[in-house]
Amino acid sequence: MSEIIGKTWSLCPTCLRKIPARKTIENDAVYLEKECAEHGKFKTIVWRGAKHYQIINKFESIRKGSKIRQTSGKQGCPLDCGLCPNHKQDTCLVVMEVTNKCNLNCVACFAGAGEGYLYEPDIGQIEKMYKMLLKSSKPVCVQISGGEPTVREDLPEIISLGKKMGIDYIELNTNGLKLADDLEYLDLLKRAGLDAVYLSFDGLTPDVYRKICGADILDSKIKAVENCARAGMGVILVPKIIKYINHDQIGEIINFAKKWIPTVKGVHFQPLSYFGRHPGQPDDDERITIPDLLNAIEVQTKGEIRTDNFIPTSCPDVHCDARCLSVLLEDGNLLPLTSLSNIPPPSCTDVPQLIRDSVASLWKLAPRSEPPTKPGVAPCKCKAGSWMELVQRATENYLTISTMAFQDVWNIDLERLEKCCIHVATPDLRLIPFCAFNVTSSGGASLYRHQVLSKYAK
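Keep in mind that what you see is a predicted model, and the values were worked out from it rather than measured. (Residues numbered from 1 in each chain as written. Predicted model: local features only at pLDDT ≥ 70, side-chain atom pairs only at ≥ 80, totals over all residues. Heavy atoms only, no water.)

Quick notes on the overall build of the protein
Heads up, the rule is: The numbering of helices and of strands both runs from the N terminus, where a helix is a DSSP run of H or I of at least 4 residues and a strand a run of E of at least 2. Whether two residues are in contact is decided by their heavy atoms, any of which lying within 4.5 Å being enough. Per-residue accessibility takes into account occlusion by the displayed protein chains alone, with areas from the Shrake-Rupley method and a 1.4 Å probe.
Along the protein, the regular secondary structure elements total 14 helices and 16 strands. Taking contacts inside the protein between residues at least 6 apart in sequence as the whole, the part at least 24 apart equals 71%. Approximately 18,300 Å² of the protein is accessible, and the part contributed by carbon and sulfur atoms is 52%.

Structural data, given as structure tokens:
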């Protein structure tokens, strides 16, 4: 017997038509149920643990909407992107795709890289996108993405242009292969103004990369981290978690990150979302919800990091993400500084401002006189066990552990989508919420990605 706890709107997985949906509780899990008049009923799990789902609601923040409004609200969400007058959240991070070419062909790719046409905006188009972004709230945080951005020979010029124009923070979303092979290239990117590397890092055994990427590139991943340490470049490890492939390596990835503090500033887990290129329609057992990910962290770190150490950022919908900030102690253990039970609901009216500030500072490596060439934390000069030692560790030897569950066509909730704070900058000078831009039907049709980018294909 199910209990209805809310009504919303969603999309038909077959035709992408906007259809009514309801949120229900059944067997201590939250589901999204919907029905298309033409294609039938659909039911997808969205959260395991009904009580936890409802506790998270208290972190909902006051929203004043986006500073940028680029389209009218004629057809309703998600057909008026973006951003339309009805969008409820300001931008915290902008994804700017500079190519859809890639030097890998992964079985799961959110961007569906290399889909039959070449999208690669020239430097003039990129300059126009930067100008559009500079009209939004400060600081402006940009993730240069793809495809694989390092296949572009002018990537240093793209980064330098953004910095000269006034972009506050630029990170590079990369598979790391070129960074592993060429330390001088990484130094060049840093001199151009690159602030951090957002490195896909799916596990610590060769079989994980053979299954996901089609090749054993583990050594290259580790070498990329080593080179970032040499260059003094902060790194965020980004594991795409897929059930039965690397779900059992979550704890090992965190342990690896600990060894590379302070070069590694964070681990950002992304449970597989079924858009772009993916293995096929998921069943409920295959889908990893945020509570599943947090429970795995607690079990695989043996309680060093617990489920209740994670709180939503309250920038997107409170059920979109979770984050824990911890300090690495001298004994090698992480001390979490966040707690679900001890932090009051947000009272700040500008949560996106806080998120932009934290991204631009927490994920950027502070300058050091002698960059490390091997794992190891920054030496602490304060008295062991003192309050000042904890303060220094909190400012240098910290680790953010976070997760974001992107919405695909089976679980998309348009109320959540209207609160999205991660936006894609498009060549026609719009900002489109990440999940709306990437959502694809069961047959591969998209609402925005291919329609927009193919118009600017070479």
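Read on, since the account is not over.
What to know about the packing of aromatic side chains
Heads up, the condition is: For Phe, Tyr and Trp, rings pair up if their centres lie within 6.5 Å, where Trp contributes its six-membered ring, and each pair is then called stacked (planes under 30 degrees apart), edge-to-face (over 60) or tilted (otherwise). Per-residue accessibility, obtained with a 1.4 Å probe over protein chains only, is compared with the maximum for each type, and a residue is labelled buried under 20%, exposed over 50%, and partly exposed between these values.
What the rule picks out here adds up to six aromatic pairs. A ring pair is formed by Phe110 and Phe275, whose centres lie 5.2 Å apart and whose planes are at 65 degrees; its orientation type is edge-to-face. With a gap of 165 residues between them, Phe110 in the loop between β5 (93-97) and α2 (123-133) and Phe275 in the loop between β11 (264-271) and α9 (290-300) connect regions that are remote in the sequence. The exposure classification of Phe110 matches that of Phe275, with both residues buried.

Looking at helix α7 (residues 218-231)
Counted only if it meets this: A helix is expected to span 1.5 Å multiplied by its residue count minus one.
An ideal rise of 1.5 Å per residue puts 20 Å on 14 residues; α7 measures up with 20 Å between its terminal C-alpha atoms. Regarding α7, the residues found buried are Leu218, Lys221, Ala224, Val225, Asn227, Cys228, Ala229 and Ala231. Gly232 lies just past α7 and shows a positive phi near 70 degrees.

Quick word on the packing of helix α8 (residues 250-259) against α9
Stated formally: Whenever a helix is involved, its axis is fitted only over the stretch in contact; in every case the axis is a line through C-alpha atoms, and angles between N-to-C directions fall within 0 to 180 degrees. Roughly parallel here means an angle under 35 degrees, roughly antiparallel means over 145, roughly perpendicular means 65 to 115, and every remaining angle is called oblique. Note on convention: near helix rotated counterclockwise from far helix by under a right angle means a left-handed crossing. Clockwise means right-handed. Gly is placed with the polar residues, together with every amino acid not listed as nonpolar (Ala, Val, Leu, Ile, Met, Phe, Trp, Tyr, Cys and Pro) or charged (Asp, Glu, Lys and Arg).
Two numbers describe how α8 lies on α9: the axes approach to 8 Å, and their chain directions differ by 65 degrees. Compared by their axis directions, α8 and α9 come out roughly perpendicular. Helix-helix and strand crossings are classified by hand; for α8 and α9 the assignment is right-handed. Every residue of α9 that contacts α8 at Ile250, Gly251 and Ile254 is listed here: Leu293, Ala296, Ile297 and Gln300. When its residues are assigned to classes, the contact of α8 with α9 shows five nonpolar, two polar and no charged.

Some thoughts on empty space enclosed by the protein
The cut-off we apply is this: Definitions used for this entry: grid spacing 1 Å over protein atoms alone; cavity, a set of points where a 1.4 Å probe fits but cannot get out; pocket, an open set with protein on both sides within 12 Å along at least 5 of 7 lines; lining residue, one with an atom within 4 Å of a point. Grid points are joined across faces, edges and corners, and a volume is the space filled by probe spheres set on the points.
Within the structure shown, the criterion is met by seven cavities of 30 Å³ or more. Forming the boundary of the largest cavity are 49 residues, of which Gln143, Asn173, Tyr198, Val238 and Gln270 lie nearest the centre. Of the residues contributing to the lining of the largest cavity, the split by class is 26 nonpolar, 14 polar and nine charged. Roughly 230 Å³ of volume is contained in the second largest cavity. Together, 19 residues line the second largest cavity, and Val46, His319, Ala405, Asn411 and Arg416 are the ones closest to its centre. The greatest single-element share of the lining of the second largest cavity, amounting to three residues, is contributed by strand β4 (residues 40-48).

What to know about the side chain of Thr24
As for its placement among the helices and strands, Thr24 is situated in strand β2 (residues 18-26). A relative accessible area of 0% means that Thr24 is categorised as buried. When near neighbours in sequence (up to four residues on either side) are disregarded, Thr24 contacts Ser2, Glu3, Ile4, Ile5, Ala29, Val30, Tyr31 and Glu33.

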